[in-house]
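# Coordinates in review
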Amino acid sequence: MTDDPKKFRYDQQSLGHKNPPAGLRPVVSTHAPAPIVVNSLTKEQTERRKKLLAEMTKTIEMEEKKTSSETPTPNPKNLPFDLEMEHPAGKDVIMEEQEQKQKQEQVEESTISKYRISLSQALETPEMKSIRYGVIGTGQCGGRLAEVFARFGYPVCVINTAQQDLAFLNIPDENKLFMPYALGGAGKNLLVGQQAAEANQDKIKELLNRTIPEVDQVLVCVGGAGGSGAGSMVPLLRSIAETDNLAGLPIVVIYALPMNDEGAAAKANAVKTLERITAMVNDEVLSSLIIVDNAKIQERYPTSSIKDFWELANFDIVNHFNMFNTVSKCATNYDALDPMDFANIVSTGGCLIYGRVEVPVEKIDGQYQVDEKILTQALLRGTEEGTLAEGFNVKQAITMGVIVTSSEEILSQIPAVSINYAFNMLSEHVGDDCAMYRGLYVDDTASDTITVFTIFAGLGLPVQRINTLKEQANQAQQRMDAKKKVRLSLTEDSSQKPADPYAAMRQKNTSLGRMIDKRRGLR
């Protein structure tokens, strides 16, 4: 039985982690793209930055002129007591200066030491994030993901047309927005989700202004199968763009594909919404698209109950992303994958995927047997088996990040040549035209394992997976249409093109459509 992810046990089942890692310097190929600015500023922010820089420049000039014109004096702290008494400033002033200097040193030490906390602490500390994300969840799937982000300390808010989906989310009620529309919920109808969000634009903007503070980027979480989340995407993005505190910030979308056993409507919604989102990525309306695939995640937990599976899946999706955003902020005795490295990865554009694998390490005669073969195996497994989505060609990646964690005892026995060999093999596998940022971190909670976290950015779409979804949706739709024709008209020509299941509803010609209009007061 897996550990409950709510307990924040960063073990193999819940795909989390503890304690501070230590990283390796990024090795960037000659074809690497130039560094990318994390966030685009509004006009007001730009003017404010110019003003602050001008004031800072002026202050520095004054301090430098003052320093150069003054004759240096001995440090009173190092003078004998009798000479100290003769100092022009007087003993009391000297003692006060010493106290202030000691306090300043304590503040500096405190500031540095906060980056030395264990990774388990850092993962739950809001300040220990390389990029400050404001998280917005829409629909049932998006709301559940936002709930996990909230547990890691991110500011979040959620919207939904189904009140019951909001009820069990463990976030403050003031951070939830119920969008009353029709009968409640969207019935996997994208149009209902879209119209609900459009009818509640002002409420959405008020929610965003109130719940999302000053952040660097906006992260929107949504599942492709439903109507509320997928249908509300475009109006929600427009609300973000028109919200004062978020306008101009980069927007990243975490998009979840449905499982194989979900119905035709869910798969059709997923494909249609993905097409809309990728168009916005190409038009640079969105910064990046993170794709996770519930069908792939389900393979990790084949024996889990339905309740455990969704908790584990949601935790995996958020924990992997938060791991990179947190580890890149942590101090380490090794070269680290730093905040700007992570920012370059998530700002690459295109599709982004990530994952995690563990490789056991054998101990013989009290010594761990770690060589380049084990390390290379772990790194290469992370490119395919470990990712939370399938159908991608990692050789298309423009940037990638790799974090390797293990215990101090294991890492201390790995020859440097073995580490370099493993990373070189990974670079050859992905391609030397991919900028690789790598980190090596100590994890004192690791037990006889090496854990590898990978992230790939700048990818194209998983064409094969999308085509499979399209084919499954079309086949299911055809079977559904055939049933309707047999039921309603045995003489109808079955060779006709399958009808749009929502067309009649949109034309208000069905009993359901008329009932919805009546509830909304339109009839």
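These lines cover the structure that appears in this document, whether it is placed above or below. (Residues numbered from 1 in each chain as written. Predicted model: local features only at pLDDT ≥ 70, side-chain atom pairs only at ≥ 80, totals over all residues. Heavy atoms only, no water.)

## A short note on the overall build of the protein
Along the backbone of the protein there are 19 helices and 12 strands. For the protein, the share of sequence-separated contacts (at least 6 apart) that also reach a separation of at least 24 residues comes to 79%. Surface accessibility of the protein: about 26000 Å² in total, with carbon and sulfur atoms responsible for 51%. (Helix = DSSP H or I, 4+ residues; strand = E, 2+ residues; numbered from the N terminus. Contact = heavy atoms within 4.5 Å. Areas by Shrake-Rupley, 256 points an atom, 1.4 Å probe, with all protein chains shown as cover.)

## Some remarks on the sheet that holds strand 11 (residues 435–442)
Taken in spatial order, the 10 strands line up as 3-2-1-4-5-6-7-12-10-11 in an open sheet, and their pairing is mixed. A strand with exactly one partner marks an edge of an open sheet, and here the two such strands are strand 3 (176–178) and strand 11. The average undirected angle you get between the axes of adjacent strands in this sheet is 20 degrees. Note that strand 4 (residues 217–223) and strand 5 (residues 251–257) share 6 bridges and pair parallel. The partner of Val218 across the bridge, within strand 5, is Ile251. Its contacts with the sheet put helix 16 (residues 416–430) on strand 10 (399–406), strand 11 and strand 12 (449–459), and the angle it makes with strand 11 is roughly 145 degrees. (Pairing = 2+ DSSP bridges. Axes fitted to C-alpha atoms, helices over the stretch in contact; angles between N-to-C directions.)

## So, the pattern of salt bridges
Scanning the model with the defined rule gives 9 salt bridges in all. Here Arg356 and Glu358 are joined by a salt bridge, their closest N and O atoms 2.6 Å apart. Each member of the pair, Arg356 as well as Glu358, is classed as buried. (Salt bridge = Lys/Arg side-chain N within 4 Å of Asp/Glu carboxyl O. Buried < 20%, exposed > 50% of the residue type's maximum accessible area, 1.4 Å probe, protein only.)

Honestly, it's all geometry; don't read function into it.
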